[in-house]
Amino acid sequence: QQPVQSPQAVILREGEDAVINCSSSKALYSVHWYRQKHGEAPVFLMILLKGGEQKGHEKISASFNEKKQQSSLYLTASQLSYSGTYFCGTDFRGNTPLVFGKGTRLSVIA
Amino acid sequence: EPEVTQTPSHQVTQMGQEVILHCVPISNHLYFYWYRQILGQKVEFLVSFYNNEISEKSEIFDDQFSVERPDGSNFTLKIRSTKLEDSAMYFCASSGNLPGTGELFFGEGSRLTVL
């Protein structure tokens, strides 16, 4: 079952913050975040396993709320290089291939 | 840095023709995947492959699709009789971890255009 991402698109000025949400109707084992720049392959950002952990990657961090079956990706002090489409991928059992959401298109402008 | 390589980068074919897309996964990885992405849309899972057999496949992966690891390094996706709706970017990915537990390394993709 495909996770639901919101918002579908967001435009930021450099230095602004954004939050991208990913929710599931089923209990999750893990949530994965990827970023895809136009014309390129998706690139791994981070993985969060059930347990409500939060992870960081430069100025990009994420949380995983197991009870709410959702994850949020936080982008702080956005840079032009953050532009791209962000996908969350979910795994329900711990050994299933990722199912990706429809993506959130992030555009950072000067 | 090891990477997943895919060929061709772009293939144009006529409807009904067979197409084979090639992938060389990262050498010590054990789990291999094909995903596809129709222009501007989500990345869709097609099939996963482990220990020389399909471990999971999606509803998209019907009888016209097949995968093979013919020589221990290449991982191919064959589409027997292409349809217009098969036009998409096809991504190969590999991982050294159990599905869902670690990073997927994606190739740059093969763009398939069916006319």
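In this text the structure is predicted, and so the values were computed from the model without any measurement.

Chemist: Looking at this model, I keep getting lost on a negative patch on the surface. Mind explaining?
Modeler: On the surface, A:Glu40, B:Glu1, B:Glu3 and B:Glu108 cluster together into a patch of negative charge. Take B:Glu3: it is sitting in the segment before strand S1 (5–7).

Chemist: What is the right way to read the interface of chain A and chain B from this model?
Modeler: On the chain B side, the residues contacting the 22 residues of chain A number 19 residues. Buried surface at the junction of chain A and chain B, both sides included, amounts to about 1700 Å², of which 60% is carbon and sulfur. Looking only at chain A, the three residues that lose the most surface to chain B are A:Pro42, A:Pro97 and A:Phe100, adding up to 29% of its buried area. Here chain A is connected to chain B by 0 salt bridges. At the boundary of chain A with chain B, the tally comes to 4 residue pairs in polar contact (both at pLDDT 80 or more). The set of elements that each furnish at least two residues to the side of chain A that touches chain B consists of strand S4 (30–36), strand S5 (43–49) and strand S9 (84–91) of chain A. Counting residues per element, the side of chain A that touches chain B draws most heavily on S4(A), which supplies 4 residues. For the side of chain A that touches chain B, the class distribution of residues is 10 nonpolar, 8 polar and 4 charged.

Chemist: Explain the packing of aromatic side chains to me, please; I cannot follow it from the model alone.
Modeler: Working definition: an aromatic ring pair is given by the centre-to-centre distance plus the angle between the planes. Overall, the coordinates contain 15 aromatic pairs over all chains when judged by the stated rule. Taken together, a centroid distance of 5.6 Å and an interplanar angle of 80 degrees make the contact between A:Tyr34 and A:Phe100 edge-to-face. Here A:Phe100 lies in strand S10 (residues 99–100) and A:Tyr34 lies in strand S4, a separation of 66 residues in the sequence. Of the two residues, A:Tyr34 and A:Phe100, both sit in the buried class. A centroid spacing of 4.5 Å and a plane angle of 10 degrees characterise the contact between B:Tyr31 and B:Tyr50, whose relative ring orientation is stacked. Highlighted residues: B:Tyr31 in strand S4 (residues 31–37) and B:Tyr50 in strand S5 (residues 43–50), separated in sequence by 19 residues. Here B:Tyr50 falls in the partly exposed class, since its relative accessible area comes to 34%. In this arrangement the basic side chain of A:Lys26 is found over the ring face of A:Phe92, its NZ or CZ atom lying 4.5 Å from the centre.

Chemist: Help me understand the environment of B:Tyr35, please; the structure alone is not making it clear to me.
Modeler: For B:Tyr35, the position within the fold is in strand S4. On the basis of relative accessible area, B:Tyr35 is assigned to the buried category, the value being 0%. With 43 residues separating them in the primary sequence, B:Tyr35 and B:Lys78 have C-alpha atoms 13 Å apart. If near-sequence neighbours (up to four positions away) are discounted, B:Tyr35 is found in contact with A:Pro97, A:Leu98, A:Phe100, B:Val43, B:Glu44, B:Phe45, B:Leu46, B:Met89, B:Tyr90, B:Phe91, B:Leu104 and B:Phe106. Only 2.9 Å separates the side chain of B:Tyr35 from the backbone oxygen of A:Leu98, close enough to count as a polar contact.

Chemist: Sorry if this is basic, but what is going on with the side chain of A:Ser30 here?
Modeler: For A:Ser30, the position within the fold is in strand S4. With relative accessibility at 0%, the residue A:Ser30 sits in the buried group. Among the polar contacts made by the side chain of A:Ser30, one reaches the side chain of A:His32 at a distance of 3.0 Å. If we ignore the near neighbours within four places in the chain, the residues touching A:Ser30 are A:Ile47, A:Leu48, A:Leu49, A:Phe64, A:Gly89, A:Thr90, A:Asp91 and B:Gly100.

Chemist: Whenever I open this one, the state of the cysteines confuses me. Can you help?
Modeler: Covalent bonding between the sulfur atoms of two cysteines defines a disulfide. Applying the stated criterion across every chain yields a total of 2 disulfides over all chains. Covalently, A:Cys22 is tied to A:Cys88 through a disulfide, its sulfur atoms 2.0 Å apart. Disulfide A:Cys22-A:Cys88: the torsion about the S-S bond is 75 degrees, which places it as right-handed. Of this pair, A:Cys22 sits in strand S3 (residues 18–23) while A:Cys88 sits in strand S9, placing them 66 residues apart in sequence. B:Cys23 shares a disulfide with B:Cys92; S-S distance 1.9 Å. Judged by the sign of its S-S torsion, about -65 degrees, the cystine formed by B:Cys23 and B:Cys92 is left-handed. Of this pair, B:Cys23 sits in strand S3 (residues 19–24) while B:Cys92 sits in strand S9 (residues 88–95), and the two are 69 residues apart along the sequence.

How each quantity is defined
- Residues numbered from 1 in each chain as written.
- Chains lettered and ligands numbered in written order.
- Predicted model: local features only at pLDDT ≥ 70, side-chain atom pairs only at ≥ 80, totals over all residues.
- Heavy atoms only, no water.
- Patch = residues over 30% accessible without salt bridge, like charges linked within 9 Å, V, L, I, M, F, W, Y side chains within 5 Å.
- Areas by Shrake-Rupley, 256 points an atom, 1.4 Å probe, with all protein chains shown as cover.
- Salt bridge = Lys/Arg side-chain N within 4 Å of Asp/Glu carboxyl O.
- Lys, Arg positive; Asp, Glu negative; His and termini not counted.
- Charge placed at Lys NZ, Arg CZ, Asp CG, Glu CD.
- Helix = DSSP H or I, 4+ residues; strand = E, 2+ residues; numbered from the N terminus.
- Contact = heavy atoms within 4.5 Å.
- Buried area = accessible area lost by both parts, 1.4 Å probe.
- Polar contact = N/O pair within 3.5 Å; in protein donor to acceptor, adjacent residues only side chain to side chain.
- Nonpolar A, V, L, I, M, F, W, Y, C, P; charged D, E, K, R; others polar.
- Phe/Tyr/Trp six-rings, centres within 6.5 Å; stacked < 30°, edge-to-face > 60°.
- Buried < 20%, exposed > 50% of the residue type's maximum accessible area, 1.4 Å probe, protein only.
- Lys NZ or Arg CZ within 6 Å of the ring centre and 35° of its normal.
- Disulfide = S-S within 2.5 Å.

Limitation: the analysis is restricted to geometry and does not speak to function.
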